[in-house]
Amino acid sequence: MISRRAARPAALLRVLWTALLTLTLQVTAISHAAHARGLSNDVRTQIGNDQRPSDKRINAIAVVGERHCGTAYLTALLSTNLPELDISDELCGPAHSYQLPGGADCPADLTRTLVLVVIRNPYDWAIRMHKKCWCEGGNAAKAGMSLRAFVSAPFPENSPQAWLPLGQQRSVCGNVMQCRALKAINYLNISSWAPNVELVRHESVVLNRSDAGEWLEDLASRWGLELGSRAVKHVEAMAEEKVDVGASPWLSPLTLAADRVLREKVRAVNDAMDLEVERMLGYTQVGDVAPEGLQRMVDELMDERHIDARYQMTGNHS
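This section reports on the structure supplied with the text.

Definitions and cut-offs
- Counting of residues starts from 1 at the beginning of each chain's written sequence and follows it residue by residue.
- Local features in a predicted model are, by the rule used here, given only for residues with pLDDT of at least 70; side-chain atom pairs are given and counted only at 80 or more, and totals for whole chains, interfaces and linings are based on all residues.
- Just so you know, side-chain values use all the structure's heavy atoms and leave hydrogens and water out.
- Helix and strand labels come from DSSP, where a helix needs a run of H or I of at least four residues and a strand needs a run of E of at least two; each type is numbered from the N terminus.
- Buried, partly exposed and exposed residues are distinguished by accessible area as a fraction of the type maximum, computed with a 1.4 Å probe on protein chains only: under 20%, between the cut-offs, and over 50%, respectively.
- Each accessible area is a Shrake-Rupley estimate made with a 1.4 Å probe; only the visible protein chains count as cover when residues are assessed.
- Note on terminology: pairs of cysteine sulfur atoms within 2.5 Å are recorded as disulfides.
- Two strands are said to pair when DSSP picks up at least two bridges between them.
- We call two residues in contact whenever any of their non-hydrogen atoms come within 4.5 Å of each other.
- Contacts described as polar in this section are N or O atom pairs within 3.5 Å, which, within protein, must combine one atom able to donate a hydrogen with one able to accept it, while residues neighboring in sequence count only if both atoms come from side chains.
- Centres within 6.5 Å make a pair out of two Phe, Tyr or Trp rings, where for Trp the six-membered ring is used; the pair is then stacked when the planes are under 30 degrees apart, edge-to-face when over 60, and tilted otherwise.
- For helices, the fitted axis covers only the stretch in contact; all axes are lines through C-alpha atoms, and the angles between them, taken along N-to-C directions, range from 0 to 180 degrees.
- We call a set of buried Ala, Val, Leu, Ile, Met, Phe, Trp, Tyr and Cys residues a nonpolar core when their side-chain atoms join them within 4.5 Å.

### Quick notes on the overall build of the chain
Right, so step 1: Along its length, the chain carries twelve helices and six strands.
Right, so step 2: Taken across its 318 residues, the chain has 49% of its residues classed as buried.
Right, so step 3: Summed over its atoms, the accessible surface of the chain is roughly 15,200 Å², and 54% of this surface lies on carbon and sulfur atoms.

### Regarding the state of the cysteines
Right, so step 1: In total, this model carries two disulfides according to the counting rule given.
Right, so step 2: Covalently, Cys92 is tied to Cys106 through a disulfide, its sulfur atoms 1.9 Å apart. The S-S bond linking Cys92 to Cys106 shows a torsion near 125°; that makes this disulfide right-handed. Placement of Cys92 in the loop between strand S2 (86-88) and strand S3 (113-119) and of Cys106 in the loop between S2 and S3 is noted, with a sequence separation of 14 residues between them. By the burial criterion, Cys92 is buried, and Cys106 matches it.
Right, so step 3: Sulfur-sulfur distance for the disulfide between Cys173 and Cys179 comes to 2.0 Å. Between Cys173 and Cys179, the disulfide has an S-S torsion of 95° and is therefore right-handed. For the residue pair Cys173 and Cys179, the accessibility class agrees, reading buried in each case.

### Structural notes on the pairing of strand S6 (residues 197-201)
Right, so step 1: The buried fraction of S6 is high, at five of five residues.
Right, so step 2: Alternating residues of S6 divide into Val197, Leu199 and Arg201 and Glu198 and Val200, and every residue in both groups is buried.
Right, so step 3: In this sheet, S6 lies alongside S3 in parallel orientation, the contact comprising five bridges. By the bridge assignment, Val117 is partnered in S6 with Leu199.

### As for helix H3 (residues 122-131)
Right, so step 1: Counted residue by residue, H3 has eight buried out of ten residues, so it is predominantly covered.
Right, so step 2: Within the sequence span of H3, burial applies to Pro122, Tyr123, Asp124, Trp125, Ala126, Ile127, Met129 and His130.
Right, so step 3: Buried residues along H3 sit in contact with helix H4 (147-152), strand S4 (155-156), helix H5 (176-188), helix H9 (260-272) and helix H10 (275-280).
Right, so step 4: Two to three positions downstream of the cap, the backbone nitrogen of Tyr123 sits 3.1 Å from a side-chain oxygen, assigning the N-cap of H3 to Asn121.

### Topic: the packing of aromatic side chains
Right, so step 1: Under the defined criterion, the tally for this structure stands at two aromatic pairs.
Right, so step 2: Pairing Phe150 with Phe155 gives two aromatic rings, centres 6.3 Å apart and planes at 90°, and the pair type is edge-to-face. An identical accessibility class is assigned to Phe150 and Phe155; each is buried.
Right, so step 3: Summarising the aromatic geometry, the rings of Trp250 and Tyr283 are spaced 5.3 Å apart at their centres and angled 85° between planes, so their arrangement reads as edge-to-face.

### As for the pairing of strand S1 (residues 60-65)
Right, so step 1: Counting buried positions along S1 gives six out of six residues, so the element sits mostly inside the fold.
Right, so step 2: On S1, burial covers both faces: Ala60, Ala62 and Val64 on one face and Ile61, Val63 and Gly65 on the other are all buried.
Right, so step 3: Direction of pairing for S1 relative to S2: parallel, over a ladder of three bridges. Paired with Ile61 across the strands is Ile87, a residue of S2.

### Focus on the sheet that holds S2
Right, so step 1: Pairing in this open sheet of four strands is parallel, and the strands run S2-S1-S3-S6 from one edge to the other. Edge positions in the sheet fall to S2 and S6, since each of these pairs with one other strand and no more. Neighbouring strand axes in the sheet, compared pairwise and without regard to direction, differ in orientation by 20° on average.
Right, so step 2: Packing of helix H2 (residues 71-81) onto the sheet brings it into contact with S1, S2, S3 and S6, and relative to S1 it is tilted by some 165°.

### Regarding the nonpolar core
Right, so step 1: Counting 76 residues, the largest nonpolar core has Ile61, Leu74, Leu78, Ile190 and Trp215 as the members making the most contacts within it.
Right, so step 2: Take this core: its biggest share by element is eight residues, from H5.
Right, so step 3: Not counting chain neighbours up to four residues away, the residues in contact with Ile61 comprise Leu78, Leu82, Leu85, Asp86, Ile87, Ser88, Leu114, Leu116 and Leu225.

### Quick word on unusual backbone geometry
Right, so step 1: One non-glycine residue, His68, adopts positive backbone phi at about 65°.
Right, so step 2: Position of His68 among the secondary structure elements: in the loop between S1 and H2.
Right, so step 3: We classify His68 as buried; its relative accessible area is 5%.

Written out as structure tokens, the structure is:
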């Protein structure tokens, strides 16, 4: 029989655990709201080196970005609300392709074109690519391949690398995260030859409608664009572009702490990613948080990655 005195420490531990878990839930909720607001304010950050916004009035917007980053959604949102502008998911090639200056498909006057480069955190992106990779060989998840196997395997690049000789333009990357890094560097380099470039985070415009509306109003104000109506008209995102906050390693550290399978996915992506390039995009690695490390997770929730998501992209990344 357990004495009352012996039972007290266990009861105290349960009280402390409950209080800590409650605090974690509250901090997570605050973090999500602050994270979304911070990103929404940050996406107007211009990337580039010595390039400066053109003084000429913008008459066209080109949306580019990797697969599953929200390019279709953003193009639809802009087309619906900016009817006077030429909105396209092409710059000097289709949205998901490498972009090189001087080609026949490039806009005739880049000084009047605003380029929006859409990016997404590496974890949600890799998980979506695993489910529907838009690549040679089809859907890896349906073929029974684990996420670790998918992000570790050589990945055939389905976007031609136009700077290589004919016959060598569809190369094979060491893995899908290396292909992502190559594409990211190419997109960041757009700012070295196009004067009007902004980085747009998927998490800022697809997470909820209020963020998308606020982002679009800010964009219109900054660039002197005329919205078609006072109230932003919302559009529906494609299934692969939507955000499942509760299942996101990037947006839900609490879920990560309780989900062993999700933690293994995080480890797989961490092992495969090019961390230097991810940092150029403003992303950091998510730690492998174990259930017993709940206090550490609470501390990490309060760090700059979650609360202040402002990132300044500078320099010619080559």
